[in-house]
Amino acid sequence: MNITERQKEIYVTRSSMPPLEEYVEEIKPIFDTHMLTNFGPIYKKFQHQLEEFLGVEEISLFANGHMALEMAIRAMGLEGEIITTPYTFSSTTHAIVRNNITPVFCDIKADDYTIDPSKIEPLITKRTTAILPVHVYGSMCDVDAIREIADKHHLKVLYDAAHAFGAKYKGRCAADFGDMSVLSFHATKVFNTIEGGAVVYHDSRYRDALHELKNFGIHNAEDVVAVGGNAKMDEFRAAMGICNLRHVNEDIKKRKAIFERYNEHLEGIKGLKIMKNMPDIISNYAYYPVYVSDEYGKSRDQIFDELAKMGIHIRKYFYPAVNDYMCYKKLYGNQITPIAHDVAGHIITLPIYQGLEMDVVDRIAALILK
Ligand SMILES: *Cc1c(COP(=O)(O)O)cnc(C)c1O
């Protein structure tokens, strides 16, 4: 496939990019200073702008969302067992397991696919140290119920907010909930820094720990205080962040228009279930999930294959559920999460991104309904 042919293909997402001139302007100073990384001026400027944009006090930038998750778990000193959801991207569970902690899978709600708070308490044991829920598709978890359970049992809450940049609950940004929230700025997300991520936290005692963990445990020139790694965000990615941040609200508006257009076509169709709007939550419209039930004339896989033939590459996301992965099935396969398993078997996500033409949205909907 050559480049022009590839451009005609429609994928689930297309990375947001600023005008080239804007990016060049932002990186120009680097060519004088030769300061490419290690917490330079662009890193600091981006961090400050993000704190303002999100309305949060403390944020720590990372090279990617996954390392931010791993190091957030480390910084909080979690151990034993963490209650989490199997309805997520591999990263969430890997971050737990790579910290030598046992993931305990809690089932999800059938309406918004987030962790079901009513099923958390029976899973709490003496070894439980935290709950790690995931905001999915741009909507958010039941943060109030989760906080109540965590407080009652003295557990920490760490949100995987990788999907939720720009989402809000009662006017407060998604990343502001829990003891910590982790954002991903990967190219495929609503807001990107090419690769990147961040931890938003509330207790300023975590500031040094997070900073040291992502920089080899180095406290100062002569003191190395922790077994850290390397997960710093560099100046070029921070510059991309500064540029994309200027346009992200506009991007979300365009996503919303596409989301509503799909709704017009697909709402109320027998056998198709679209994402429910939860009270007090403003989505960032990151994804457009459709649950294709067995009553629908075509199966999920049939729709996937038919669209692929037309050059439209939708995704089965999330499929399979994490506890059905080859690397986890043997270890945690006895943990039954029937709703997550069922949703993973029936879900598709449709193309949605700033720049997707409305007539393409109409065509995709028509192909599904045919
Ligand atoms: C993208 C994503 C991550 C990982 O983020 P990266 O920046 O790609 O490392 C973690 N969790 C979820 C739910 C994600 O979608």
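Our subject is the structure listed above.
Now for a look at the structure at hand. (Residues numbered from 1 in each chain as written. Predicted model: local features only at pLDDT ≥ 70, side-chain atom pairs only at ≥ 80, totals over all residues. Heavy atoms only, no water.)

For the rest of this paragraph, the subject is the sheet that holds strand β9 (residues 180–184). Spatially, the 7 strands line up as an open sheet ordered β2-β10-β9-β6-β5-β3-β4, and their pairing is mixed. If you trace the sheet from one side to the other, it starts and ends with β2 (58–62) and β4 (102–105), each paired once. The sheet shows a mean angle of 25° between the axes of neighbouring strands, taken without regard to direction. Across 5 bridges, β9 lies against strand β10 (residues 197–201) in antiparallel orientation. Residue Val 182 lies in a different strand from β10, and its bridge partner there is Val 199. Contacting β2 and β9, helix α4 (residues 41–54) runs over the sheet at an angle of about 130° to β2. Across the sheet, helix α7 (residues 143–153) touches β5 (128–132) and β6 (156–160), and the angle it forms with β6 is around 150°. (Pairing = 2+ DSSP bridges. Helix = DSSP H or I, 4+ residues; strand = E, 2+ residues; numbered from the N terminus. Axes fitted to C-alpha atoms, helices over the stretch in contact; angles between N-to-C directions. Contact = heavy atoms within 4.5 Å.)

Once that is clear, we can look at the sheet that holds strand β8 (residues 172–173). One open sheet holds the 3 strands; their spatial order is β8-β7-β12, and the pairing between them is antiparallel. Looking at strand neighbours, the two that pair on one side only are β8 and β12 (281–282), the edges of this open sheet. Note: strand β7 (residues 168–169) against β8, 2 bridges, orientation antiparallel. Residue pairing in the sheet places Lys 168 in a bridge with Cys 173 of β8.

According to the stated counting rule, one finds 23 salt bridges in the structure shown. The salt bridge partner of Glu 58 is Arg 207, with a shortest N-O separation of 2.6 Å. Of the two residues, Glu 58 sits in strand β2 while Arg 207 sits in helix α8 (residues 206–213), which places them 149 residues apart along the sequence. The class of Glu 58 is buried, set by a relative accessible area of 13%. Look at Arg 207 and you get partly exposed, because its relative accessible area is 43%. Arg 172 is paired through a salt bridge with Asp 176; the nearest N and O atoms lie 3.0 Å apart. (Salt bridge = Lys/Arg side-chain N within 4 Å of Asp/Glu carboxyl O. Buried < 20%, exposed > 50% of the residue type's maximum accessible area, 1.4 Å probe, protein only.)

None of this, on its own, says anything about what the molecule does.
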